[in-house]
Each structure stands twice: as C-alpha cells, then as structure tokens.
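# Structural features, examined
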Amino acid sequence: MVKLAAKCIMAGDATVGKSSLAQMFRSDGAHFQKNYTLTTGVDLLVKQLTVPDTNDSVELFIFDSAGKELFSEMLDKLWEHPNLLCLVFDVTNEQSFTNCAKWLEKVRVQLQGSTLPGVLVGNKTDLAGRRVVETSRAQEWAGTHGLEYFETSVKEMENFEAPFRCLAKLFHQLYRERLELFHSLV
Amino acid sequence: MRVVDLCLASEGTEVILATSSDEKYPPENMIDGNSTTFWTTTGMFPQEFIICFHKHVKIERLFLQCYFAVPALRQGAPPGQGTPHRRPKGGQEVRGIRIEKSNAKEPVDFERWVERDLVLTEGQMQMEEFMFRDGYATHLRFIIKSAFDHFVSVHKVNIEGISVSSLT
Ligand SMILES: Nc1nc2c(ncn2[C@@H]2O[C@H](COP(=O)(O)OP(=O)(O)O)[C@@H](O)[C@H]2O)c(=O)[nH]1
Ligand SMILES: [Mg+2]
C-alpha cells in the first residue's frame, strides 16, 4: 500500500473553466460557480483518489491560477516541478484550443528533462450549438502530444471526475514503471 | 579506534523520519547493508529522511547509492520527455541533495553540512561520495530538493567513521 503525492497544474486560457472544473472535482459536484470571477492569485485544492484494483492512492495537489498570468514570473514559481498536467480549453472557443500549444510549450520549460503525464480537457460541451472545436480534432491533437483527451461539462456536472481519475492512474503507472527500473539497477 | 560502517541497522542506527514511504520499500532498506533493497520517494519534492546513530560518531566518508536520473528517451512519450537538461531562470540549481547534521540528543538543531547538485546518469546506479573532516554528529538529515524525475530511489547509505561516545 502506498500513497503517492502529485502536484497537478491547471493550464489553459482564462474563462475556459479550469477553476470550475477543479472545484467541482474537489467538492464532488457540490457546487458550480455560476458567476464569473477571474481567479485571483493561486488556489490549492487537495483531494485523494484510490487507484482502481489496488490498495494504493494518489493525493492530488491541484494548483490553479488565473490565465492572465501566461507570461508572469509568478507562474514560473507556481509551476515549479509539476507531476501532472491538466490542460483545459473551451469547445466553443477556437482560440482557447489553438492556445493549448502555447500552454504546453510554457509547461515544457518547467520540466527540465522529465516526463509530464497529462490530460487535455474540452469543457463546456453543454453549449452544443456554439461548439467550434470538434471532438476528433481535439482528440488528434492530444494524441500527437501524448495527452489523453476528455470532454466535460462542468455546468451539467458531466464527466468532471474522469480527467483527474486518469491523471491519478497515469501517475501511479509511472511509479510502477520506476519501481521496475529501480529493481533493475545493479 | 576502528573505522566501521556506522550506518547499519545492525549497529543500532535508525531512520527516524522519512517523508514518504511505500510499505514495500521502507526507509530501513537504506540501512540494511544490501544495495538491492531500496527506499523510494512517492511524489512531490522536497523529500527528506533523518538518520539517528543513537550515539556520538565521527564521520569520515559517506557514500550514497541512489538513482536520481530520468530514463532514456522513449518514442511516443508524454510531453517533455528528453528535453535537454537546462538550468532554471536565475541560474539557481534547485535539483540536488543537502545533508545537515546535528550533535544534539534529539533530532533538533540541524546545521547545513554539504550540498550537492545532481549529475544525470541513465539506467545506472549512482554512487555519490562525500568526505569529511569535521564529521561529528548524532543525527543526519538528508533533504532531496528535487530530481530529474518524479521519483527517486535510495539503495544504501554507507557511512565510514568511528563511534566516539554514547549519548549521556
Ligand atoms: N456553459 C458552461 N459554462 C461553464 C462551464 N464551466 C465553467 N463555465 C463558466 O465559465 C466561466 C469561467 O469559469 P472559470 O472556472 O472561472 O474559468 P477559468 O478562468 O479557466 O478558471 C464561469 O462563468 C463558469 O460558470 C461549462 O461546462 N459550461
Ligand atoms: Mg480560474
């Protein structure tokens, strides 16, 4: 039995629903922030997930910040040594999707050589009539960047846990791989 | 006075704190004299452990057998895999290990002793060696500030030195 601890950073443009997603997950669907407020500063949300078919768990330390800090020093500090990435865009906002490449680049700078398991989340699927980013396109982009793809509607409380469950699973997998590596050393 | 390995559970040495632990890879694995058994960190850095000798010792040489590196580049790997090693902005190297020591009866009043950046080795155990002259201690605290990868293993802490006196 082991309890892993992972620093998960939320990345993506402002207003795509990063904070809503993280908070919804944290509170098990207990509240959806109706009014728009740009996240000020940093929020740290902590939640533990058990890994299916094991006695192990992963404690996620979710670091959320306002998207306006795209090029700030503060973000550099906040994003130091991430273990997991949750990259979010809004399926009704083309630019939020194309900007994902920039976010990924920004995250890479922090990595200093290590891998970063991550997910891409297309949020606001409830606004079906205004959708501009098709599932297949997002899926493909995620695939080429080694990210797993999920679609959510935080508003409708749909699928909001799945990306985090996946992240926990990925981190646990990475741990198992490293254990094998450690065992193989002589 | 005979130079011995001071860092063995069989000599009464204990790991009294470790920030992370997997039941299968407990911190005692670092002081069992066997380098095939190991302790792993289980996530976010920094990570630390404290070794208590239960006596006053004088350390001459310390070896750390560990693995701090990132594995070789794989195809289709997640983002960032294989990105070259670069120093973060400001030139401050944040990856590395710091060793602190204390001469108190309890694990308190630690003073900074040595600090070392990590070197990147792949698929191979690392052997970090430290030499000391002012090696008096009762406790050692190892702080792994961060590494090249998400997890680190420490296989063996080997400390050569002499027993000075018992704690009074
Ligand atoms: N229609 C709809 N609105 C959402 C959804 N998720 C978040 N929002 C709204 O989008 C706005 C921005 O959300 P917020 O979480 O602050 O975005 P952040 O800047 O990325 O953290 C808020 O008004 C939310 O209520 C969703 O799934 N559907
Ligand atoms: Mg926000």
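Just so it is clear, the model here is predicted, and its values are computed rather than measured.

### As for the overall build of chain A
Of regular secondary structure, chain A possesses 6 helices and 6 strands. When the elements of chain A are put in sequence order from the N terminus, they spell out β-α-β-β-α-β-α-α-β-α-β-α. Summarising the internal contacts of chain A: among those between residues at least 6 apart in sequence, 74% fall at separations of at least 24. As presented, chain A carries roughly 8100 Å² of accessible surface, and 50% of it is formed by carbon and sulfur atoms.

### Describing the overall build of chain B
Within chain B one finds 0 helices and 9 strands. Sequence-ordered secondary structure for chain B, helices as α and strands as β, is β-β-β-β-β-β-β-β-β. Look at the contacts in chain B between residues 6 or more apart in sequence, and 77% of them connect residues 24 or more apart. Put simply, chain B shows about 7700 Å² of open surface, and 49% of that area lies on carbon and sulfur atoms.

### Quick word on the packing of aromatic side chains
Within this structure, the stated rule accounts for 14 aromatic pairs over all chains. Geometrically, the ring pair formed by A:Phe89 and A:Phe97 is tilted, given 4.9 Å between the ring centres and 55° between the ring planes. Residue A:Phe89 is classed as buried on the basis of its relative accessible area of 0%. Relative accessible area serves as the criterion here: at 6%, A:Phe97 is assigned to the buried category. Taking 4.9 Å as the distance between ring centres and 10° as the angle between the ring planes, the aromatic pair formed by B:Tyr25 and B:Phe38 counts as stacked. Of this pair, B:Tyr25 sits in the loop between β2 (14-18) and β3 (39-40) while B:Phe38 sits in the loop between β2 and β3, and the two are 13 residues apart along the sequence. In this structure B:Tyr25 comes out as buried when scored by relative accessible area, which is 11%. Chaining the aromatic ring pairs together yields one cluster made of A:Phe89, A:Phe97, A:Trp141 and A:Tyr149. Of note, A:Lys7 hangs over the ring of A:Phe63, and the distance from its end group to the ring centre comes to 4.5 Å. For B:Arg116, the ring lying beneath its charged end belongs to B:Phe130, and the centroid distance is 3.9 Å.

### Description of the nonpolar core
Grouped burial of nonpolar side chains is what soluble globular proteins tend to show. Membership of the largest hydrophobic core comes to 42 residues, with the highest contact counts inside it found for A:Leu21, A:Leu60, A:Ile62, A:Cys86 and A:Phe164. When residues of this core are traced back to their parent elements, those giving at least two are β1 (3-11), α1 (18-26), β2 (42-50), β3 (57-65), β4 (84-90), β5 (118-123) and α6 (162-184) of chain A. Here this core gets 12 residues from one element, more than from any other, and that element is α6(A). Setting aside anything within four residues of it in sequence, one finds A:Cys86 in contact with A:Cys8, A:Ile9, A:Met10, A:Ala11, A:Leu21, A:Val119, A:Val121, A:Phe164 and A:Leu167. In this structure, B:Leu6, B:Cys7, B:Trp113 and B:Leu118 belong to the second largest nonpolar core, which totals 33 residues.

### Description of the pairing of strand β9 (residues 153-166) of chain B
Residues and elements named next belong to chain B. Here strand β1 (residues 4-5) runs beside β9; their pairing, made up of 2 bridges, is antiparallel. Pairing of Val4 across the sheet is with Gly161, part of β9. Bridge analysis of β3 against β9 gives 2 bridges, and the strand direction is antiparallel. Along β9, the bridge assignment pairs Thr40 with Ser153. The sheet contact formed by strand β4 (residues 47-67) and β9 spans 12 bridges and is antiparallel.

### Side note on the side chain of A:Asp56
Residues and elements named next belong to chain A. Considering the arrangement of structural elements, one finds Asp56 in the loop between β2 and β3. Among buried charged residues, Asp56 stands out as having no salt bridge; its nearest opposite-charge side chain is Arg176, 4.0 Å away. From its side chain, Asp56 meets the backbone nitrogen of Val2 in a polar contact 3.0 Å long.

### Observations regarding the environment of A:Phe63
Structurally, A:Phe63 is set in strand β3. A C-alpha to C-alpha distance of 8.9 Å links A:Phe63 and A:Val46, two positions 17 residues apart in sequence.

### Some remarks on the pattern of salt bridges
All told, the structure shown has 17 salt bridges over all chains when counted by the stated rule. Note that A:Arg178 and A:Glu177 form a salt bridge whose closest N and O atoms lie 3.9 Å from each other. Taken together, the salt bridges that share partners define one network made up of B:Glu48, B:Arg98, B:Glu100 and B:Arg141.

### Points about unusual backbone geometry
Of note, the bond from B:Phe45 into B:Pro46 is cis; its omega dihedral lies within 30 degrees of zero at 0°. Its place among the elements puts B:Pro46 in the loop between β3 and β4. Phi is positive for A:Met157, which is not a glycine, with a value near 55°. With respect to the helices and strands, A:Met157 occurs in the loop between β6 (148-151) and α6.

### Remarks on the environment of B:Glu100
Residue and element names in this part refer to chain B. Mapped onto the fold, Glu100 is located in strand β5 (residues 96-102). Residue Glu100 is classed as buried on the basis of its relative accessible area of 7%. Along the chain, Glu100 and Val114 lie 14 residues apart, while their C-alpha atoms are 6.9 Å from each other. Excluding residues within four positions of it along the chain, Glu100 makes contact with Phe110, Glu111, Arg112, Trp113, His139, Leu140, Arg141 and Ile143.

Reading guide: rules and limits
- Residues numbered from 1 in each chain as written.
- Chains lettered and ligands numbered in written order.
- Predicted model: local features only at pLDDT ≥ 70, side-chain atom pairs only at ≥ 80, totals over all residues.
- Heavy atoms only, no water.
- Helix = DSSP H or I, 4+ residues; strand = E, 2+ residues; numbered from the N terminus.
- Contact = heavy atoms within 4.5 Å.
- Areas by Shrake-Rupley, 256 points an atom, 1.4 Å probe, with all protein chains shown as cover.
- Phe/Tyr/Trp six-rings, centres within 6.5 Å; stacked < 30°, edge-to-face > 60°.
- Buried < 20%, exposed > 50% of the residue type's maximum accessible area, 1.4 Å probe, protein only.
- Lys NZ or Arg CZ within 6 Å of the ring centre and 35° of its normal.
- Core = buried A, V, L, I, M, F, W, Y, C linked by side-chain atoms within 4.5 Å.
- Pairing = 2+ DSSP bridges.
- Lys, Arg positive; Asp, Glu negative; His and termini not counted.
- Salt bridge = Lys/Arg side-chain N within 4 Å of Asp/Glu carboxyl O.
- Polar contact = N/O pair within 3.5 Å; in protein donor to acceptor, adjacent residues only side chain to side chain.

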